[in-house]
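Below, each chain spelled out in residue letters.
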Amino acid sequence: MKITEKIKKSVPIIAGTLFAVLPMFFTPITSMAKTVEDNSGTWRYPKFNKEWVTTDMPVRVTVGCADEEADLDLQTIGEYYDYDELYNQLTEEDKKSDSEFAKIIMNSRGEVGYLFEIWDNNHNTMDTVTLKLPFSGTLLEATCVVEEWEVVQQTPDSITFKFQKSYDEFVGDYCFFVLRYKKTSPDDMFWFKPMKTQMNIAAEIADQTGKEAVAEATGDFALSYDIMKWLEEHPKVTLKYIMTYKEKDYNIVIKGGQKLADIKIPWYGPEYLIGKFAK
């Protein structure tokens, strides 16, 4: 399996090799004469065997500008990196062929990285850029490749950058921001939501009927400790998971109630699931 050059290039950047230290004190945000929202872009995340998976989650960006006449024609792109997922996709061959890249991913487990690019017709007129994050977490580091942007405010699910240079000193129409966060919980990840919904529905049916129920889901991701622990505690629920791995589909059937979760193993990767539960 060959890891794409794009992923190998982006991961070290978002993993912290180019991050600036987060300012200790935030500066106040002045009121903007004009604000523009852009929700046209969508978040995507990398898969080694597919390269990229595009989600239906919009990249929500709000731009504030002091110039009422500014022409803010925005376009945004967002990338999301979950290092636990990336680590689970590494094979022994990957680890040997590019040990430095594998080490970066290994040392970043438990974290997520965001990269979002933004274009507009008058980049020099943008006073603030606020990004609404798809998940909550603890901000570790943040920066922009254009040095004049600084972090001035953050909430559990958003971050605001402010342009710190006069307009006549800088003219441009493109920049990208990189962020690193500590994950709150692996099950906050968006790809688990459909699976967890089906599992909860199956549990309700089992409680109402007293009979076994099946939760069906599809995907190409590893399962977390919390998912396995949930199944362990629900003996009347069986998970049927059609998992795509290396361009092949596998029928993973996990019957609840048996010993499934190990506190020392936070993630259960494709090869483990196929070897133990494939039918």
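Residues numbered from 1 in each chain as written. Predicted model: local features only at pLDDT ≥ 70, side-chain atom pairs only at ≥ 80, totals over all residues. Heavy atoms only, no water.

Caption draft 1: Examining the overall build of the chain more closely. When helices and strands are counted, the chain shows seven helices and 16 strands. The buried share of the chain, reckoned over its 279 residues, is 51%. Considering only contacts within the chain whose residues lie at least 6 apart along the sequence, 73% involve residues at least 24 apart. Of the accessible surface of the chain, which amounts to about 13900 Å², a share of 49% is contributed by carbon and sulfur atoms. (Helix = DSSP H or I, 4+ residues; strand = E, 2+ residues; numbered from the N terminus. Buried < 20%, exposed > 50% of the residue type's maximum accessible area, 1.4 Å probe, protein only. Contact = heavy atoms within 4.5 Å. Areas by Shrake-Rupley, 256 points an atom, 1.4 Å probe, with all protein chains shown as cover.)

Caption draft 2: Up close: the environment of Lys255. Of note, Lys255 is situated in strand S15 (residues 248–255). Measuring from C-alpha to C-alpha, the distance between Lys255 and Val237 comes to 6.5 Å, with 18 residues separating the pair along the chain. Here Lys255 is in contact with Glu212, Pro235, Val237, Thr238 and Leu260, once residues within four sequence places are set aside. A distance of 3.0 Å separates the side chain of Lys255 from the side chain of Glu212, its partner in a polar contact. (Polar contact = N/O pair within 3.5 Å; in protein donor to acceptor, adjacent residues only side chain to side chain.)

Caption draft 3: Representation of the pairing of strand S12 (residues 213–219). Here S12 shows a buried face lined by Ala213, Ala215, Ala217 and Gly219 and an unburied face lined by Val214, Glu216 and Thr218. Summarising the sheet, S12 and strand S14 (residues 237–245) pair through seven bridges and their orientation is parallel. Among the inter-strand pairings, Thr218 is bridged to a residue of S14, identified as Ile242. (Pairing = 2+ DSSP bridges.)

Caption draft 4: Expanded view of the layout of surface pockets. Reported here for the largest pocket is a volume of approximately 400 Å³. What lines the largest pocket is a set of 16 residues, among which Tyr87, Asn88, Leu90, Lys95 and Gly269 lie closest to the centre. Broken down by secondary-structure element, the contributors of at least two residues to the lining of the largest pocket are helix H2 (83–89), helix H3 (92–97) and helix H7 (270–277). Here the lining of the largest pocket is composed, by residue class, of seven nonpolar, four polar and five charged. (1 Å grid on protein atoms, 1.4 Å probe; cavity = no way out; pocket = protein on both sides within 12 Å on 5 of 7 lines; lining within 4 Å. Points joined across faces, edges and corners; volume = space filled by probe spheres on them. Nonpolar A, V, L, I, M, F, W, Y, C, P; charged D, E, K, R; others polar.)

Caption draft 5: Region of the structure containing the nonpolar core. Core analysis: the largest hydrophobic core is formed by 33 residues, its most contacted members being Leu131, Trp149, Ile159, Phe177 and Leu179. Apart from the residues lying within four places of it in its own chain, the contact partners of Phe177 are Tyr114, Leu115, Phe116, Ile118, Val129, Thr143, Cys144, Trp149 and Phe161. In this structure, Ala222, Leu223, Leu260 and Leu273 belong to the second largest nonpolar core, which totals 32 residues. (Core = buried A, V, L, I, M, F, W, Y, C linked by side-chain atoms within 4.5 Å.)

Caption draft 6: Summary view of the confidence of the model for the chain. On average, residues of the chain carry a pLDDT of 78, and 78% of them reach 70 or more. For the stretch residues 18–25, pLDDT sits under 50, and the model shows 18 contacts to residues farther than four places along the chain or on other chains. (pLDDT = per-residue confidence, 0-100.)

Caption draft 7: Just the packing of aromatic side chains, in detail. One pass over the full model with this rule turns up nine aromatic pairs. Taken together, a centroid distance of 4.8 Å and an interplanar angle of 10° make the contact between Phe116 and Phe177 stacked. Of this pair, Phe116 sits in strand S6 (residues 111–119) while Phe177 is found in strand S11 (residues 174–183), placing the two residues 61 residues apart along the sequence. We note that Phe116, like Phe177, is buried. Look at Tyr268 and Tyr272: their rings are 5.5 Å apart centre to centre, the planes differ by 55°, and that puts the pair in the tilted class. Classification of Tyr268 as buried rests on a relative accessible area of 2%. Through a chain of ring-to-ring contacts, three or more aromatic side chains come together here, namely Phe116, Trp149, Phe161, Phe163 and Phe177. One residue, Arg109, lies across the ring of Tyr87, its end atom 4.3 Å from the ring centre. (Phe/Tyr/Trp six-rings, centres within 6.5 Å; stacked < 30°, edge-to-face > 60°. Lys NZ or Arg CZ within 6 Å of the ring centre and 35° of its normal.)

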